[in-house]
Amino acid sequence: MPIPDDAAAAAARSVRHLFARRSLRMPGTRLAAVAFPAPTSPRSHWHYWWQAHYLDCLLDEHRRDAATGALPEARKLARGIWLRNGGRWRNAYYDDMAWLALALQRLDALDGRHRPRRRVRVLGEALRSAHTPDLGGGVYWNTTRDYKNTPSTAPAALFFARAGETARAQELLDWLRERLFDPGSGLYLDGVKADGRVERSLHTYNQGTVLGALVAVGGPDNLRHAADLVGAVARTVADADGVLPLAATGDAGLFTGILARYLAQAASAGIRATAATEARAVLGATADTVWSGRRTDASGMLVFPPRQDGPVSLSSQLQAWMILEAASSARKGRTAAG
């Protein structure tokens, strides 16, 4: 059965109903609980970077349908994140800060701001401070500064590309390709340790953020490489049915949603037609799996797979929302703005 046109809207309503609440009970703020049912303490289980993706999802919702009220909700969420983070924007992880910088960058654009607000400037300066010549370039993972990796470098490259710092963004892409691209799989490895050893683990979201940066910087070589990366994802990451892996809990619950966001962006970015078709096929098959596996909770809201014991993780539900938004965007030929 085809996915209905309102599938992404249904996911958005469910996530907001099940997870959204005030940040530390303060009026005019929002924050998403990390699970449903929510932990009992309002100060427990803080996941800064999950909130950044919730913010991005609200902006996707606004872009799809401005009448939903998602943009005012996004503004409240930005305030809620700042409040819950102790009245500051930075934390100890540069990948976390890159995610929030990207979402706030989009929020500024939707608010019609031609110059970034202070919060984006603060996070941008943090990312610039982590881009050093050590290990040949790249962006550190955290303030310990003993590991440079794809999860921090690729979203930072995307941030700089959007900010007009194209040379810096390309420098980061060149470092990733030289140090962490695996020609055997056609995919990007995780990171480089302080002693130069490479951590060879493969994660879905790393492929997505590199895709996003490649198409944001653009140019023939980057777009060719983006098309090749889409092909590698379709061949190596997706299963025989073209479905991307889905995790139910923890940080990994977000990973494939992030990849989906940037597959949709790549499909509409002028990459070669065969790769764009592959991206749309993978998105369609994964969205079919997410939608067909949905169930209804006691309040009538949808909960999306994978099924999990105990409380439902926010990460897996944001993942489902991102996949459905991305599939809708790709199907309708819109340029994904993730």
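Small disclaimer: the values here were computed from a predicted structure and weren't measured.

Visitor: Can you break down the overall build of the chain residue by residue, with the values?
Guide: Across its full length, the chain carries 12 helices and 10 strands. The C-alpha radius of gyration of the chain comes to 19 Å, within 12% of the 20 Å expected for a compact globule of 338 residues. Judged by the C-alpha coordinates and their principal axes, the chain covers about 50 × 45 × 40 Å. A buried classification covers 57% of the 338 residues belonging to the chain. With the model as given, the accessible surface of the chain reaches about 13,500 Å², and the carbon-plus-sulfur share is 52%. Distance between charge centroids for the chain: 8 Å, based on 43 positive and 32 negative side chains.

Visitor: Tell me about the pairing of strand 6 (residues 187–193), and name the residues and values.
Guide: Counting buried residues along strand 6, six of its seven residues qualify, which places the element largely inside the surrounding structure. The pairing of strand 4 (residues 147–149) with strand 6 spans three bridges and is classified as antiparallel. Pairing of Tyr-147 across the sheet is with Lys-193, part of strand 6. Alignment of strand 5 (residues 181–182) against strand 6, held across two bridges, turns out to be antiparallel. Opposite Asp-182, over in strand 6, you have Leu-187 as the bridge partner. Between strand 6 and strand 7 (residues 198–202), which pair antiparallel in sequence order, lie four residues; one of them, Gly-196, sits at a positive phi of approximately 90°.

Visitor: Which residues make up the packing of aromatic side chains, and what are the values?
Guide: On inspection of all chains with the given rule, the structure shows 12 aromatic pairs. Summarising the aromatic geometry, the rings of Trp-46 and Tyr-48 are spaced 6.2 Å apart at their centres and angled 75° between planes, so their arrangement reads as edge-to-face. Look at Tyr-48 and you get buried, because its relative accessible area is 3%. The interplanar angle of 35° and the centroid separation of 6.2 Å between the aromatic rings of Trp-291 and Phe-304 together place this pair among those described as tilted. Within this pair, whereas Trp-291 is found in helix 11 (residues 273–292), its partner Phe-304 is found in the loop between strand 9 (302–303) and strand 10 (312–313), the two being separated by 13 residues in sequence. Classification of Trp-291 by relative accessible area gives buried; the value is 11%.

Visitor: If you had to explain a positive patch on the surface to someone new, which residues and values would you point to?
Guide: A cluster of basic residues, Arg-79, Arg-113, Arg-115, Arg-117, Arg-118 and Arg-121, forms a positive patch on the protein surface. In this fold, Arg-113 is placed in the loop between helix 4 (94–110) and helix 5 (118–130). You can call Arg-113 partly exposed: its relative accessible area is 43%.

Visitor: An account of the pattern of salt bridges is requested, with residue identities and associated values reported.
Guide: With the rule as written, the count across this model stands at 16 salt bridges. Glu-73 is paired through a salt bridge with Arg-30; the nearest N and O atoms lie 2.9 Å apart. With a gap of 43 residues between them, Glu-73 in helix 3 (residues 70–84) and Arg-30 in the loop between strand 1 (20–21) and strand 2 (31–32) connect regions that are remote in the sequence. Classification of Glu-73 by relative accessible area gives buried; the value is 10%. With its nearest N and O atoms 2.4 Å apart, the salt bridge here joins Arg-128 to Glu-165. Here Arg-128, found in helix 5, pairs with Glu-165, found in the loop between helix 6 (150–162) and helix 7 (166–179); they are 37 residues apart in sequence, far enough to count as distant. Classification of Arg-128 by relative accessible area gives partly exposed; the value is 23%. For Glu-165, a relative accessible area of 22% gives the class partly exposed. A single network of salt bridges, built from pairs that share partners, joins Asp-56, Asp-60, Arg-106 and Arg-261.

Visitor: Lay out helix 1 (residues 7–19) in plain terms, naming residues and giving numbers.
Guide: Since the α-helix advances by 3.6 residues per turn, residues separated by three or four positions end up pointing in the same direction. The terminal C-alpha atoms of helix 1, which comprises 13 residues, lie 18 Å apart, in line with the 18 Å expected from a rise of 1.5 Å per residue. Counting buried positions along helix 1 gives 11 out of 13 residues, so the element sits mostly inside the fold. Along helix 1, the residues that are buried comprise Ala-7, Ala-8, Ala-9, Ala-10, Ala-11, Ala-12, Ser-14, Val-15, Arg-16, Leu-18 and Phe-19.

Visitor: Any chance you could break down the environment of Ala-11 for me, citing the residues and the numbers?
Guide: Secondary-structure assignment places Ala-11 in helix 1. Along the primary structure Ala-11 and Val-290 are separated by 279 residues, whereas in three dimensions their C-alpha atoms are 10 Å apart. The contacts of Ala-11, once residues within four sequence positions are left out, are Phe-304, Trp-321 and Leu-324.

Visitor: Explain helix 12 (residues 314–332) residue by residue, including any values.
Guide: Look at helix 12: 27 Å from first C-alpha to last across 19 residues, which is about the 27 Å you get at 1.5 Å a residue. Helix 12 sits mainly inside the fold: 17 of its 19 residues count as buried. Downstream of helix 12 by a residue or two, Gly-333 has a phi angle that is positive, lying close to 75°.

Visitor: Can you break down the packing of helix 2 (residues 48–64) against helix 12 residue by residue, with the values?
Guide: Relative to each other, helix 2 and helix 12 sit at 30°, their axes nearing to 10 Å. As the angle between them shows, helix 2 and helix 12 are arranged roughly parallel. Remark: the crossing between helix 2 and helix 12 carries left-handed chirality. Contact residues: helix 2 offers Trp-50, Gln-51, His-53, Tyr-54, Cys-57, Leu-58, Asp-60, Glu-61, Arg-63 and Arg-64, while helix 12 offers Leu-314, Ser-315, Leu-318, Trp-321, Met-322, Glu-325 and Ser-329. Taken together, the residues of the contact of helix 2 with helix 12 break down into eight nonpolar, four polar and five charged.

Rules used throughout
Residues numbered from 1 in each chain as written. Predicted model: local features only at pLDDT ≥ 70, side-chain atom pairs only at ≥ 80, totals over all residues. Heavy atoms only, no water. Helix = DSSP H or I, 4+ residues; strand = E, 2+ residues; numbered from the N terminus. Rg over C-alpha atoms; globule rule 2.2 N^0.38 Å. Buried < 20%, exposed > 50% of the residue type's maximum accessible area, 1.4 Å probe, protein only. Areas by Shrake-Rupley, 256 points an atom, 1.4 Å probe, with all protein chains shown as cover. Lys, Arg positive; Asp, Glu negative; His and termini not counted. Charge placed at Lys NZ, Arg CZ, Asp CG, Glu CD. Pairing = 2+ DSSP bridges. Phe/Tyr/Trp six-rings, centres within 6.5 Å; stacked < 30°, edge-to-face > 60°. Patch = residues over 30% accessible without salt bridge, like charges linked within 9 Å, V, L, I, M, F, W, Y side chains within 5 Å. Salt bridge = Lys/Arg side-chain N within 4 Å of Asp/Glu carboxyl O. Expected span 1.5 Å × (residues − 1). Contact = heavy atoms within 4.5 Å. Axes fitted to C-alpha atoms, helices over the stretch in contact; angles between N-to-C directions. Parallel < 35°, antiparallel > 145°, perpendicular 65-115°, else oblique. Left-handed = near helix turned anticlockwise from the far one by under 90°. Nonpolar A, V, L, I, M, F, W, Y, C, P; charged D, E, K, R; others polar.

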